[in-house]
Amino acid sequence: MGTQLKIGVLVSGSGTNLQSIIDRCEDGSIPAAISCVISNNEQAFALERARSHGIPAICLRHTEFSGRAAYDAELVRVLQAHGVELVVLAGFMRIITPGFIEAFPNAIMNIHPALLPAFPGLHAQRQALDYGVKVTGCTVHFVDAGTDTGPIIMQATVPVEQEDTEETLSARIRMEEHRIFPEAIRLFAERRLKIEGRKVNRLL
Ligand code: GRF
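Just so you know, these numbers come straight off a predicted model, no measurement behind them.

Caption draft 1: Up close: the site of the ligand. Every residue close to the ligand is listed here: Ser14, Gly15, Thr16, Asn17, Gly91, Ile111, His112, Pro113 and Glu177. Contacts to the ligand include Asn17, whose backbone N or O atom sits 2.8 Å from an oxygen atom. Take Glu177: an N or O atom from its side chain is 2.8 Å from an oxygen atom of the ligand. Against a free-state accessible area of 370 Å², the protein chains account for coverage of 83% of the ligand. Within the residue set of the shell around the ligand, elements represented by two or more residues are α1 (16–26) and β5 (108–112). Looking at which domains feed residues into the shell around the ligand, each of domain 1 (1–105) and domain 2 (110–204) supplies at least three.

Right under this line is the structure:
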């Protein structure tokens, strides 16, 4: 196995996706290591998860910066100081600026709880329920300047049941998130993802 890829994970909430990535890095399924976890929210349980696995957990409060560009410049500085090669957005509830995207070309991934391009933006599970779709799911994609518009790496489908609430549907989607997000990161770490226009092809 070659050198391990260094990952930086950005979070705002409970961090169940972060946990699935930590677990797959620790059991050796992903040839990578998490160099740091950063949150804009000091209450995020995700920070606790990182600490309990000996991963540097950093809180950068957006309220302490003059604006988005200044905040993102500090994010980039901290990520680069930790040698991060792949940035993983795992429930990071902030729009990132072009300066951030340019600092990590084709090396920022996000997970979205819907089958993009359907239901981008906030409350994707609620959007799916309100629309009445019978199938939804989750999408791992590279991040570009738009909101949830970057090239799609992997998707998984989930049925919508008649009696679903936002909570029950979210829980069913999350099970699939925890499977495909680490899988997409593994392919990246193995240098097997090739972006060609809008398509992300997989090398054998
Ligand atoms: C997930 O639903 C993910 O799709 C979205 O944010 C949520 C993060 O959940 N981007 P968690 O903090 O990983 O539990």
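Caption draft 2: Examining the side chain of Ser20 more closely. The topology assignment puts Ser20 in helix α1. There is a polar contact of 2.7 Å between the side chain of Ser20 and the backbone oxygen of Asn17. In this structure, Ser20 is in contact with His178 and Pro182, ignoring residues within four places of it in sequence.

Caption draft 3: Geometry of the packing of aromatic side chains. Inspection of the entire model under this criterion finds four aromatic pairs. When the ring centre of Tyr71 is taken as origin, the NZ or CZ atom of Arg94, which lies over that ring, is 4.4 Å away.

Caption draft 4: Representation of the pairing of strand β9 (residues 199–202). For strand β8 (residues 193–196) and β9, the ladder comprises four bridges, and the chain directions are antiparallel. Following the sheet pairing, Lys194 is matched in β9 by Asn201.

Caption draft 5: Representation of the nonpolar core in the model. In terms of nonpolar packing, the biggest core is built from 61 residues, with Phe100 and Met109 touching the most fellow members. For this core, the element with the highest residue contribution is helix α6 (residues 166–189), accounting for nine residues. Taken domain by domain, this core gets at least three of its residues from each of domain 1 (1–105) and domain 2 (110–204).

Caption draft 6: Representation of the pairing of strand β6 (residues 135–142) within the structure. Of all eight residues that make up β6, seven are buried, and the element is covered over most of its length. Where β6 meets strand β7 (residues 152–159), seven bridges bridge the pair, whose relative direction is antiparallel. Paired with Gly137 across the bridge in β7 is Thr157.

Caption draft 7: The environment of Gly8, seen in detail. The residue Gly8 is located in strand β1 (residues 5–11) in this model. A relative accessible area of 0% means that Gly8 is categorised as buried. With 131 residues separating them along the chain, Gly8 and Thr139 place their C-alpha atoms 19 Å apart. The residues touching Gly8, leaving out its near neighbours within four places in the chain, are Cys36, Leu79, Val84, Leu86, Val87 and Val88.

Caption draft 8: Expanded view of the state of the cysteines. Counting across every chain of the model gives zero disulfides. Between Cys25, a free cysteine, and Cys36, which holds the nearest cysteine sulfur, the sulfur-to-sulfur gap is 13 Å. On the basis of relative accessibility, which here comes to 0%, the residue Cys36 falls in the buried class.

Conventions and cut-offs
Within each chain, residues carry numbers counting from 1 in the order of the written sequence. Owing to the predicted nature of the model, reporting of local features is limited to residues with pLDDT of at least 70; listing and counting of side-chain atom pairs is limited to 80 or more, with chain, interface and lining totals taken over all residues. Excluded from the side-chain calculation are hydrogens and water; included are all heavy atoms of the structure. The near set for a molecule or strand comprises every residue that places at least one heavy atom within 4 Å of it. Distance and chemistry together define a polar contact, namely a pair of N or O atoms within 3.5 Å, with one atom able to donate a hydrogen and the other to accept it when in protein, and with adjacent residues in sequence counting only for side-chain atoms on both sides. Using a 1.4 Å probe, the Shrake-Rupley method yields the accessible areas, and only the shown protein chains count as cover for residues. Numbering goes from the N terminus for both helices and strands, where a helix is a DSSP run of H or I of at least four residues and a strand is a run of E of at least two. An automatic or database domain assignment supplies the residue ranges for each domain. The contact criterion used is simple: two residues touch if any of their non-hydrogen atoms lie within 4.5 Å. Stacked, tilted and edge-to-face pairs are distinguished by plane angle, under 30 degrees for stacked and over 60 for edge-to-face with tilted covering the rest, among Phe, Tyr and Trp rings (Trp via its six-membered ring) whose centres lie within 6.5 Å. By definition here, charges over rings are those cases where NZ of Lys or CZ of Arg is within 6 Å of the ring centre and within 35 degrees of the ring normal. By this definition, two strands are paired if DSSP reports at least two bridges between them. For this analysis, a nonpolar core means a set of buried residues of the types Ala, Val, Leu, Ile, Met, Phe, Trp, Tyr and Cys, connected via side-chain atoms within 4.5 Å. Only protein chains enter the accessibility calculation, which uses a 1.4 Å probe. A residue is then buried if its area is under 20% of the maximum for its type, exposed if over 50%, and partly exposed in between. By definition, disulfides here are pairs of cysteine sulfur atoms that lie within 2.5 Å.

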